[in-house]
Amino acid sequence: MALGLDIIISEMRVVSRLRKVAALLAWDQETYMPTGGAAARADQLSLILSLAHGRFTGSDFRHSLGQFVDLESGQVTRNNLQIHEIRMLEMTWRDWRHDVSIPVEFIRDLALLTSKAQQVWEQAREKSDFALFAPYLEKIVVMKRQEAEYLGYQDEPYDALIDIFEPGMTSRKLEALFNALRPVLVNLSTQIRQANRPNRRPILTQNYEESIQWEFGLEVLTDMGYDFSRGRQDRSAHPFTTDFHPTDVRITTRLNPNDLAMGLFGTIHEGGHALYEQGLDERYFGTPLCEAISLGIHESQSRLWENYVGRSRPFWMWYYPRLQKRFPGQLGKVSLDDFYAAINAVAPTPIRVEADEVTYNLHIMLRFDLERAMLNGSVAIKDLPELWNAKMQEYLGITPKNDAEGVLQDIHWSLGAIGYFPTYTLGNLYGRQLYEAARQQIDGLEDRIAKGDLKSLREWLHTNIYRVGRAKTADELMLELSGRSLSTEPFNRYLEDKYGQLYDL
Ligand code: ZN
């Protein structure tokens, strides 16, 4: 290792450990913390995170990094480094530059604003009253525009915000992808509606004992290769995955006795995220080489397991008899075909998180359109509800009955997370393209899945994606594994084949 590189790495490890302590406090907050502890916990979290931030942006770290990288351009200036070391330094500079570009007072003001905005958003959603939330959203958008100025961008301020979550992605690239996706989705969902097939959803909304749902979820997670000696599952209001080190990666799930799909697919989804984190190379802990490439690639791993494996027929050829054995009263007389139709039922809903595979991305496109317009100032905040409903009608053919199930449904904007939504659709697209690469490269993949072998797929993902860390960009990863940059084509073809069969189109 080049002299001095170990100093940077050990500094980064300190920063990382502090951040992971904060993540542990946050995990506890969402799972077991008594409600009375909220204020003290907020203080603890803010202290730890500001220590981490101070260390990462302080003069010592700047000095160490400056030994290897031109701090203005990000160019690595030493020439005796290995390729993975160069990439590690480039990515570290990227993160460092992001953090030093934004003044500490700005971060503090935004945190104060969003913590208040989140409370107001909750009330506004409860009362279905957008006017309550509007002044806060207005301030958040002003601050986000400012943040974009601090970070810099080429074409439009929204690009700077997207780039935080998905390095290298821009509004223009997303627009091109979405334009190739939208007509296929709108057309497919219209055809499905007109096909008028029997609705099998009620199969999933009988009474399903929670403890048995839980046990079945553990069986699937174990088969996927989630390592319970380096992880655990708990319950929380909103499912999530968090990690403190590749040796301690935790997931949460949410169960509903009258909705089998919610817990089951939520568990598989988080399991997909967790496999990625458990599979990162711990030798590089604290550095970008032990981190996920982007949120979109992270989401590709959860969607791959949830939808392309978990909602596939081969998967249920193996698991359905096992599920029937656990719920003989509910499923004993339901055929595999009907169950498969139930878990893949398509029906437009105003709520994003309840949407099926066909309509889900239309919800994201709507949010993309509105976020971009907000950032560019081409829409007044007060007009958002109306615009939301018009787009909903245009894309999905439905109108929300109020703002609570319309413009107020998601927490993201109140947290200041603008530019985040597109990563969900990117996850679906990357996920399908990567799954098809795996199918080409693993002999008889779907026959294996139909025999309960999920290990072959996980090992392929482990070698080709998890171990890579941020040594490759998302685009490099796609090119290397699938031979092309991200495209909507594999996803569109998948939907047309699958739902064409299911709905006799
Ligand atoms: Zn996810």
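Calculation criteria
- Along each chain, the written sequence defines residue order, and numbers are assigned to residues from 1.
- Thresholds applied to this predicted model are a pLDDT of at least 70 for local features of residues and 80 or more for the giving and counting of side-chain atom pairs; totals over whole chains, interfaces and linings are not thresholded and use all residues.
- Only hydrogens and water are set aside when side-chain values are computed; all heavy atoms of the structure are taken into account.
- A 1.4 Å probe that fits into a set of points on a 1 Å grid over the protein atoms alone but cannot get out defines a cavity; an open set with protein on both sides within 12 Å along at least five of seven lines defines a pocket, and lining residues are those with an atom within 4 Å of a point.
- Grid points are joined across faces, edges and corners, and a volume is the space filled by probe spheres set on the points.
- Any residue that is not Ala, Val, Leu, Ile, Met, Phe, Trp, Tyr, Cys, Pro, Asp, Glu, Lys or Arg is counted as polar, Gly included; the first ten are nonpolar and the last four charged.
- Secondary structure elements are taken from DSSP: a helix is a run of H or I of four residues or more, a strand is a run of E of two residues or more, and numbering for both begins at the N terminus.
- For every residue, the accessible area obtained with a 1.4 Å probe (protein chains only) is divided by the maximum for its type, and the residue is called buried under 20%, exposed over 50%, and partly exposed between those limits.
- As used throughout, domain bounds are those supplied by an automatic or database domain assignment.
- The criterion used for residue contact is that any of the two residues' heavy atoms lie within 4.5 Å.
- Throughout, buried area stands for the accessible area (probe radius 1.4 Å) lost by two parts on being put together, summed over both.
- In the sections that follow, a salt bridge refers to a side-chain nitrogen of Lys or Arg positioned within 4 Å of a carboxyl oxygen of Asp or Glu.

**A short note on the layout of surface pockets**
Part 1 of the argument: As a volume, the second largest pocket reaches approximately 360 Å³.
Part 2 of the argument: Residue composition of the lining of the second largest pocket, grouped by class: 6 nonpolar, 2 polar and 9 charged.

**Digging into the environment of L295**
Part 1 of the argument: Structurally, L295 is set in helix α11 (residues 295–309).
Part 2 of the argument: Residue L295 is classed as partly exposed on the basis of its relative accessible area of 27%.

**Quick notes on the domain arrangement of the protein**
When the parts come together, some accessible area is lost, and that loss is often what is quoted as the size of the interface.
Part 1 of the argument: Each assigned domain of the protein is listed here: domain 1 (5–154) and domain 2 (171–502).
Part 2 of the argument: The C-alpha-based centres of domain 1 and domain 2 are spaced at 26 Å.
Part 3 of the argument: If you look at the interface, domain 1 gives 36 residues, while domain 2 gives 43 residues.
Part 4 of the argument: With both sides pooled, the region where domain 1 packs onto domain 2 buries about 3,400 Å², and carbon together with sulfur makes up 66% of that total.
Part 5 of the argument: If you sort the residues of domain 1 by the area they bury against domain 2, W27, R87 and F130 come out on top, with a joint share of 19%.
Part 6 of the argument: Counting every contact that joins domain 1 to domain 2 gives 3 salt bridges.
Part 7 of the argument: K20 is the salt-bridge partner of D243, the closest N and O atoms lying 2.8 Å from each other.
Part 8 of the argument: Of all elements in the fold, only α1 (5–31), α4 (83–101), α5 (104–127) and α6 (130–151) reach the threshold of two or more residues within the side of domain 1 that touches domain 2.
Part 9 of the argument: Counting residues per element, the side of domain 1 that touches domain 2 draws most heavily on α1, which supplies 11 residues.
Part 10 of the argument: For the side of domain 1 that touches domain 2, a count of residues per class yields 17 nonpolar, 7 polar and 12 charged.

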